[in-house]
Amino acid sequence: MLDICLLGCGGMMPLPNRALTSLMVRYNGSTVMIDCGEATQLTVRRQGWSFKPIDVLLVTHYHADHISGLPGLLLTMGNAERTEPLTIVGPPGVERVVNSLRVIAPELPFEIRFIELHDKEEILDLVGLKITAFRVNHNITCYGYSLELARSGKFDVAAAQALGLPVQLWNPLQKGQTVTYEGKEYTGDMVMGADRKGLKVTYCTDSRPTQSITEHAIGSDLFICEGMYGDPEDAKKAREKKHMTMYEAAEIAKEADVEEMWLTHFSPSLIKPKQYLDAVREIFPRTEMGKDRMTKVLNFEDEES
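Quick caveat, the model's predicted, so the values are computed rather than measured. (Residues numbered from 1 in each chain as written. Predicted model: local features only at pLDDT ≥ 70, side-chain atom pairs only at ≥ 80, totals over all residues. Heavy atoms only, no water.)

1. Overview of the packing of aromatic side chains
The geometry of two aromatic rings is summed up by the distance between their centres and the angle between their planes.
Then, number 1: Applying the stated criterion to the full structure yields one aromatic pair.
Then, number 2: Ring geometry for Phe155 and Trp170: centres 5.3 Å apart, planes at 40 degrees, overall tilted. With Phe155 in the loop between β9 (143-151) and α5 (157-162) and Trp170 in helix α6 (residues 170-174), this pair connects stretches of sequence that are 15 residues apart.
Then, number 3: The residue whose ring lies beneath Arg82 is Phe110, and the NZ or CZ to ring-centre distance is 5.4 Å. (Phe/Tyr/Trp six-rings, centres within 6.5 Å; stacked < 30°, edge-to-face > 60°. Helix = DSSP H or I, 4+ residues; strand = E, 2+ residues; numbered from the N terminus. Lys NZ or Arg CZ within 6 Å of the ring centre and 35° of its normal.)

Below, the structure written as structure tokens:
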């Protein structure tokens, strides 16, 4: 299960009813946060979630509306008596940028570990999730992220019995361990079926449409993408500022055939994003207009309620 909350869906500047960009994904007692714009702490509090279990922070890029909430967040996490390390992932310079912001949050009771991204695509294994960072096309170096929760196949009782393996060895094999029985080694793949469909969330803001976004969105149960502009007349502005219109995001979702798309990162001039929803749905019907503290729980297919 992945528990998802779009904390803020604003771009450039916070508004009275729209916080800046941030996303939280909870899994198995850990939390991954993507970006930390201004007012992120406020929306976390309003949602009733906790800062303490944030284990990983993924930074898309170093524009202020995506990272200006970080010093205050670090202080709050420190005041919660956190001692576990925090991993921060971001484009080149992540350690320098974060430590510069820490001038106003100098003493913390926990270690910060940095992972600096350099390649067009990098795959990380953090808190039990496969996290893929992929380069997008903004006016500074920027990454999108896919978070995947894999699911192994079902245990094949008949196969285990045919091998003559006692019941007490079944559980270690299910966990991927190698066991030895009567002088012979057995591995999990000998008694496990093919991998089943897992869960996948892809998040991308601040980019022109690129093939890399489409490729990494394929197979996503939820695709969260910027839709900074809704008025078709703003298409030129989107190209100049290296952003996306809602319709361009919908074309990506359509090509990648995602299960559902949430639009986010709205321009401050976009007062009522929902007025464009019907037009966007003509391109990709499974579109929802994002709003602060929008939530969704993703379950495996045969566990859906």
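That covers the picture; the talk isn't over yet.
2. Considering the sheet that holds strand β13 (residues 222-226)
Remark on secondary structure: sheet strands pair via backbone hydrogen bonds, oriented parallel or antiparallel.
Then, number 1: In spatial order, the strands read β7-β8-β9-β12-β13-β14-β15; together these seven strands make up an open sheet with mixed pairing. Of all strands in the sheet, those with a lone pairing partner are β7 (121-126) and β15 (287-289), marking the two edges. With strand direction ignored, the average angle separating the axes of adjacent strands in the sheet is 20 degrees.
Then, number 2: Relative to β15, strand β14 (residues 261-264) runs parallel, the two sharing three bridges. Along β15, the bridge assignment pairs Met261 with Thr287. (Pairing = 2+ DSSP bridges. Axes fitted to C-alpha atoms, helices over the stretch in contact; angles between N-to-C directions.)

3. Notes on helix α1 (residues 40-47)
Then, number 1: Among all positions in α1, only Thr40, Thr43 and Val44 are buried. Each buried residue of α1 lies within a common arc of 105 degrees when the element is viewed along its axis, so the set occupies one face. Turned more than 90 degrees from where α1 packs its buried face, Arg45 and Arg46 sit exposed.
Then, number 2: Buried residues along α1 sit in contact with β1 (2-8), β2 (22-27) and β3 (30-34).
Then, number 3: Two residues or fewer after α1 comes Gly48, characterised by a positive phi angle close to 85 degrees. (Buried < 20%, exposed > 50% of the residue type's maximum accessible area, 1.4 Å probe, protein only. Arc of directions from axis to C-beta. Contact = heavy atoms within 4.5 Å.)

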